[in-house]
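# Fold and geometry: a report
So you can see what is in the structure, the chains are spelled out below.
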Amino acid sequence: MGQTQSEGETEVTLQNIQELYRKFASECPSGNLHLHEFKRIFGINSSSTEEEVAYMENVFRSFDTNRDGHIDFMEYVAAVHLVLRGKLEDKLRWSFKVYDRDGNGCLDKQEVKHIVTIISKLKRQSNPGDTVNIEEICERIFELVDKNNDSRISLEEFIEGAEKDPWVMEQLKLDIGPCGWFMEQQEKKP
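Before going into details, it helps to say that this report is about the structure given with it. (Residues numbered from 1 in each chain as written. Predicted model: local features only at pLDDT ≥ 70, side-chain atom pairs only at ≥ 80, totals over all residues. Heavy atoms only, no water.)

## Focus: the overall build of the protein
Worth spelling out the cut-off: The numbering of helices and of strands both runs from the N terminus, where a helix is a DSSP run of H or I of at least 4 residues and a strand a run of E of at least 2. Burial classes: relative accessible area under 20% of the type maximum marks a residue as buried, over 50% as exposed, and values in between as partly exposed (1.4 Å probe, protein chains only). In what follows, a contact means two residues having at least one pair of non-hydrogen atoms within 4.5 Å. Here the accessible surface of atoms and residues is derived via Shrake-Rupley with a 1.4 Å probe, and residues count as covered only by protein chains that are part of the display.
Secondary structure summary: the protein contains ten helices and four strands in total. Buried positions account for 45% of the 190 residues belonging to the protein. Residue pairs in contact within the protein that sit at least 24 positions apart in sequence constitute 69% of those at least 6 positions apart. For the protein, the accessible area works out to roughly 10300 Å², and carbon and sulfur atoms hold 50% of it.

## Focus on unusual backbone geometry
One non-glycine residue, N149, adopts positive backbone phi at about 50 degrees. By secondary structure assignment, the location of N149 is in the loop between α7 (134–145) and β4 (153–154). Not every positive phi belongs to a glycine, and S151 is a case in point at roughly 65 degrees. Looking at the element boundaries, S151 is found in the loop between α7 and β4.

## With respect to the pattern of salt bridges
Counted only if it meets this: We define a salt bridge as a contact between a side-chain nitrogen of Lys or Arg and a carboxyl oxygen of Asp or Glu at a distance within 4 Å.
Inspection of the entire model under this criterion finds eight salt bridges. Note that R22 is salt-bridged to E19, the shortest N-O span being 2.4 Å. Note that R22 and E19 are positioned in helix α1 (residues 14–27) at a spacing of three residues, about one turn of the helix. Look at R22 and you get partly exposed, because its relative accessible area is 33%. Relative accessible area serves as the criterion here: at 14%, E19 is assigned to the buried category. Linking E57 and K39 is a salt bridge whose minimum nitrogen-to-oxygen distance equals 2.9 Å. Residue E57 is located in helix α3 (residues 50–63), and its partner K39 is located in helix α2 (residues 35–41); the two are separated by 18 residues in the primary sequence.

## Digging into the environment of I17
Assignment of secondary structure puts I17 in helix α1. Taking the relative accessible area as the measure of exposure, I17 reaches 25% and is therefore partly exposed. Sequence separation between I17 and V80 is 63 residues, and the spatial gap between their C-alpha atoms is 9.5 Å.

## Overview of helix α4 (residues 73–85)
To keep things clear, this is the line we draw: A helix's residues, less one, multiplied by 1.5 Å, set its expected span. The definition of a polar contact used here is a pair of N or O atoms within 3.5 Å, where within protein one atom must be able to donate a hydrogen and the other to accept one, and adjacent residues in sequence count solely through side-chain atom pairs.
Along its 13 residues, α4 runs 17 Å from first to last C-alpha, staying within 8% of the 18 Å computed at 1.5 Å per residue. Buried within α4 are the following residues: F73, E75, Y76, V77, A79, V80, L82, V83 and L84. At the N-terminal end of α4, a side-chain oxygen is found 3.1 Å from the backbone nitrogen of M74, two or three residues along, and the residue is D72.

## Quick notes on the environment of G103
Along the chain, G103 falls in the loop between α5 (88–99) and β3 (106–107). C-alpha of G103 to C-alpha of S62: the two residues are 41 residues apart in sequence and 10.0 Å apart in space.

## Notes on the nonpolar core
Inclusion rule: Grouping buried Ala, Val, Leu, Ile, Met, Phe, Trp, Tyr and Cys residues that are joined through side-chain atoms within 4.5 Å yields what is termed a nonpolar core.
Grouped together as the largest cluster of nonpolar side chains are 47 residues, with contacts concentrated most on V116 and F158. No other element matches α4, which puts eight residues into this core. When near neighbours in sequence (up to four residues on either side) are disregarded, F158 contacts L92, S95, F96, Y99, L107, V145, I153 and L172.

Okay, here's the thing in structure tokens:
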């Protein structure tokens, strides 16, 4: 779910939605997508790292908009729409929601540190030579984004900071790859 616009240009048709529903119903006969099924879809298993598991749990929580412990079909469609057609600002709002673990509408340093740690560990899996200083990254994010210096980042500060500074965008970029998974699923026929 990277915040790039190129993925957002994919068209989702009524036929795609009907196909999505058919697949959703076959994968989730109860009509609900539970956390363990969500993790399986995104390849999280017993060999996954603690960071990958935590990351997917945060993503799942962000899509479970009514906080009932599962994703129903409407929440699923909203998530797919965000992945495939969402505007940059919508994706940033979603990212903020993933990061805001306590749901208070602001990001504190611990929340930013937590997600930057997860993202950097996930990035290091594809580039093992990369080393980063999480504390320095967090401090720099707060210097660039926390405009009123209250040690909290509001949604508005987050969006403005990510849109204006490519480095901030790169540090905060969520990219779980569901667009590719969705398109792959569309090509599979029963």
